[in-house]
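Next come the chains, spelled out residue by residue.
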Amino acid sequence: MTAKVSRARRRQIIDALGRGTVPRNGLDLFAVGMERFEKALDDDLTAVTAGSAGFKAVRGEYGSGKTFFARWLAERAKRKKMATSEIQISDRTTPLHRLETVYRSLIGGLSTASSPPSALRDIVDTWLLALEDDAGVAKNDRRAMSTAVEDLIESRLAETAKNAPAFATALRFYRRARLSGDHATADGLLAWVGGEPNVASSIRRYAGLKGDVDSTAALHFLQGLLVVLRDCGYPGLLVVLDEVETLQRMRSDNRERSLNTLRQLIDEIDKGRFPGLYLVITGTPAFYDGQQGMQRSPALAQRLHSDFKTDARFDTARAVQIRLTGFDRDKLVELGCAVRDLYAQGDPAERRIRDLIDDAYIKDLATAVAGHLGAGVAPRIFLRKLVADVLYRVSDHEDFDPRRDYRQVTVTEGELNDDELNAFRRGRPAVSADDVELDLP
């Protein structure tokens, strides 16, 4: 049986699955197959929160659960009081070789267990309050307090200030603007710290700042952010670079620059430049093994090499690469039963749900979906069908029987995203997804 969860949390999870998306939280409630990664990754996260840094590469075909894995890992990181951020790498909006766009996306997706994206303001305000507590000055002595806090800002960010003094400067003037009630200027300065371009020149002049945050400054600002996080009770930051396989579609010069940037990031992590950072990338096997991906950079390929010639049962999560093998029918059934139990918990129609959507029915539905679409692209579609077409109807209609009234489960091209559609067509070039009817026994 599924652990008890609040009605609001359950609703958020089910609604996301019914739309065919990965929920933002609660993934531990149906994290099928993740137990094999738990110990090694928890050890990594524990080391990071103690001041180390880490890197992990995740590989899997489309539909194997890379996004699910990344968000599941983010939940585990938040349990260790880490902050997290998920970044979608894109050749148009977030190209990896332009680190200023990656940093800006990192700030936009920054969250903690108590603050949703973007959590930068909450984090900075908490940090400034912590500095006031550390200042050792009477709260009512505003002048002495301001001097003491600004001195602490400079001393705590001294390492960052060696190469990027503007980070500490912007935060000092952000505090001044807040205290004076000039919220527009304060907002603009925080936006600038977050890498937003085109901040008004009047706001930049107020703090003596020049230009926008570029690729070089972005890495220094990341160092400063890690210090701020640690000082206000967040001992680490998990950053996920999702869908790095998009590098394969870039112009060749930009692709090589991006691969070199990734290599440099890994080297800087190994050198200890980013204590408290755990960087995770996700990509397809084609990215890791193909000539249009990582193999174009021999130095990067060497750093990320892992031997996957052995049976997947003997994979180790301690390797630099983690292999996601997707869902076979048994895993789909286990996943479906977990979601069924989560949905039924507390529902007025709980008994009818459990009677009509029993384990045998879920097995039949999983067999039908996996048999026609392939297990690799089935989980998202399978869960959407289970929630939106079966669970909702059984809950809403007393006379709805899925074995009688939902015998043909049709999958149309409109339900598949581009990656799923391409995978489907590669597997069955003579058949259109519009033609698929899943007959249940």
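My aim in this report is to walk through the structure given alongside it, one point at a time. These figures come from a predicted structure and were not determined experimentally. (Residues numbered from 1 in each chain as written. Predicted model: local features only at pLDDT ≥ 70, side-chain atom pairs only at ≥ 80, totals over all residues. Heavy atoms only, no water.)

1. Side note on the side chain of Asp125
In step 1: Secondary-structure assignment places Asp125 in helix α5 (residues 120-134).
In step 2: A polar contact is formed between the side chain of Asp125 and the side chain of Tyr174, at a distance of 2.7 Å.
In step 3: Those residues in contact with Asp125 that lie beyond four places of it in its chain are Tyr174 and Arg178. (Helix = DSSP H or I, 4+ residues; strand = E, 2+ residues; numbered from the N terminus. Polar contact = N/O pair within 3.5 Å; in protein donor to acceptor, adjacent residues only side chain to side chain. Contact = heavy atoms within 4.5 Å.)

2. Some points on the packing of aromatic side chains
In step 1: Applying the stated criterion to the full structure yields nine aromatic pairs.
In step 2: Measuring from ring centre to ring centre gives 5.7 Å for Phe30 and Phe68, while their planes differ by 55 degrees; the resulting arrangement is tilted. Pair noted here: Phe30 is in the loop between α1 (7-19) and α2 (35-49) and Phe68 is in helix α3 (residues 66-79), with a separation of 38 residues, a long-range link.
In step 3: The rings of Tyr103, Phe167, Trp192 and Phe221 are connected pair by pair, giving a single aromatic cluster. (Phe/Tyr/Trp six-rings, centres within 6.5 Å; stacked < 30°, edge-to-face > 60°.)

3. Regarding the side chain of His97
In step 1: Looking at the secondary structure, you find His97 in the loop between β2 (83-88) and α4 (99-108).
In step 2: On the basis of relative accessibility, which here comes to 13%, the residue His97 falls in the buried class.
In step 3: Within the local environment of His97, its side chain forms a polar contact with the side chain of Ser258, the two groups lying 3.2 Å apart.
In step 4: In contact with His97, other than residues within four places in its own chain, are Ser215, Met250, Asn254, Arg257, Ser258 and Thr261. (Buried < 20%, exposed > 50% of the residue type's maximum accessible area, 1.4 Å probe, protein only.)

4. Considering the pairing of strand β4 (residues 277-283)
In step 1: Across the seven residues of β4, seven count as buried, placing the element largely inside the fold.
In step 2: Neither face of β4 is open: one carries Leu277, Leu279, Ile281 and Gly283, the other Tyr278, Val280 and Thr282, and all of them are buried.
In step 3: Where strand β1 (residues 54-59) lies against β4, six bridges are found, and the strand directions are parallel. Note on β4: the bridge partner recorded for Ala57 is Ile281.
In step 4: In this sheet, β4 lies alongside strand β3 (residues 237-242) in parallel orientation, the contact comprising five bridges. Its bridge partner being in β4, Leu237 is matched across the sheet by Leu277.
In step 5: Taking the sense of rotation as the criterion, the β-α-β connection linking β3, helix α12 (residues 252-270) and β4 turns out right-handed. (Pairing = 2+ DSSP bridges. Right-handed = clockwise from strand over helix to strand, strands pointing away.)

5. Here's the deal with the layout of surface pockets
In step 1: Empty space within the second largest pocket amounts to approximately 580 Å³.
In step 2: Taken together, 23 residues make up the lining of the second largest pocket; nearest its centre are Arg24, Asn25, Lys78, Thr84 and Ser111.
In step 3: Among the secondary structure elements, those contributing two or more residues to the lining of the second largest pocket are α3, β2 and β3.
In step 4: Per-element tally for the lining of the second largest pocket: the top contributor is α3, with five residues.
In step 5: A breakdown of the residues in the lining of the second largest pocket according to their chemical character gives seven nonpolar, 10 polar and six charged. (1 Å grid on protein atoms, 1.4 Å probe; cavity = no way out; pocket = protein on both sides within 12 Å on 5 of 7 lines; lining within 4 Å. Points joined across faces, edges and corners; volume = space filled by probe spheres on them. Nonpolar A, V, L, I, M, F, W, Y, C, P; charged D, E, K, R; others polar.)

6. Overview of empty space enclosed by the protein
In step 1: A complete count under the given rule lists two cavities of 30 Å³ or more for this structure.
In step 2: Of the voids in this model, the largest cavity is the one considered here, and its volume is about 160 Å³.
In step 3: Residue lining of the largest cavity: 13 residues in total, with Val102, Leu106, Leu219, Leu222 and Leu265 positioned closest to the centre.
In step 4: In terms of residue count, α4 provides more of the lining of the largest cavity than any other element does, four residues in total.
In step 5: Tallied by class, residues from the lining of the largest cavity come to 13 nonpolar, no polar and no charged.

7. Things to note about the packing of α5 against helix α11 (residues 215-231)
In step 1: It is at 9 Å that the axes of α5 and α11 come closest, and there the two elements cross at 60 degrees. One way to sum up the angle between α5 and α11 is to call them oblique. Handedness of the α5/α11 crossing: left-handed. Where α5 approaches α11, its residues Leu120, Ile123, Trp127 and Ala130 are matched on the opposing element by Leu225, Val228, Leu229 and Asp231. (Axes fitted to C-alpha atoms, helices over the stretch in contact; angles between N-to-C directions. Parallel < 35°, antiparallel > 145°, perpendicular 65-115°, else oblique. Left-handed = near helix turned anticlockwise from the far one by under 90°.)

8. Looking at the pattern of salt bridges
In step 1: Going through the model one piece at a time under the given rule, you end up with 37 salt bridges.
In step 2: A salt bridge links Lys56 to Asp44; its shortest N-O distance comes to 3.8 Å. Of the two residues, Lys56 sits in strand β1 while Asp44 sits in helix α2, which places them 12 residues apart along the sequence.
In step 3: Among the residues examined, Lys56 registers a relative accessible area of 4% and is labelled buried.
In step 4: Between Asp289 and Arg59 there is a salt bridge; the shortest N-O distance is 2.7 Å. Pair noted here: Asp289 is in helix α13 (residues 285-289) and Arg59 is in strand β1, with a separation of 230 residues, a long-range link. (Salt bridge = Lys/Arg side-chain N within 4 Å of Asp/Glu carboxyl O.)

9. Comments concerning the environment of Leu277
In step 1: With respect to the helices and strands, the residue Leu277 is situated in strand β4.
In step 2: Residue classification places Leu277 among the buried residues on the basis of a relative accessible area of 4%.
In step 3: On a C-alpha basis, the gap between Leu277 and Ser52 in space is 7.6 Å, while along the polypeptide they are 225 residues apart.
In step 4: When sequence neighbours within four positions are dropped, the list of residues in contact with Leu277 reads Val48, Ser52, Ala53, Gly54, Leu222, Leu226, Leu237, Val239 and Ile269.

10. Things to note about a negative patch on the surface
In step 1: A cluster of like negative charges, contributed by Glu35, Asp328, Asp330 and Glu334, occupies part of the molecular surface.
In step 2: Mapped onto the elements, Glu35 comes out in helix α2. (Patch = residues over 30% accessible without salt bridge, like charges linked within 9 Å, V, L, I, M, F, W, Y side chains within 5 Å. Areas by Shrake-Rupley, 256 points an atom, 1.4 Å probe, with all protein chains shown as cover. Lys, Arg positive; Asp, Glu negative; His and termini not counted. Charge placed at Lys NZ, Arg CZ, Asp CG, Glu CD.)

11. Section: the sheet that holds β4
In step 1: Spatially, β2-β3-β4-β1-β5 is the arrangement adopted by the five strands of the open sheet, whose pairing is parallel. With one partner strand each, in any of the chains shown, β2 and β5 (321-323) form the two edges of the open sheet. Put simply, the sheet's adjacent strands are angled 20 degrees from each other on average, direction ignored.
In step 2: Pairing between β1 and β5: three bridges, direction parallel. Its bridge partner being in β5, Arg59 is matched across the sheet by Arg323.
In step 3: Strands in contact with α4 are β2 and β3; relative to β2, the strand with the most contacts, it is inclined by about 130 degrees.

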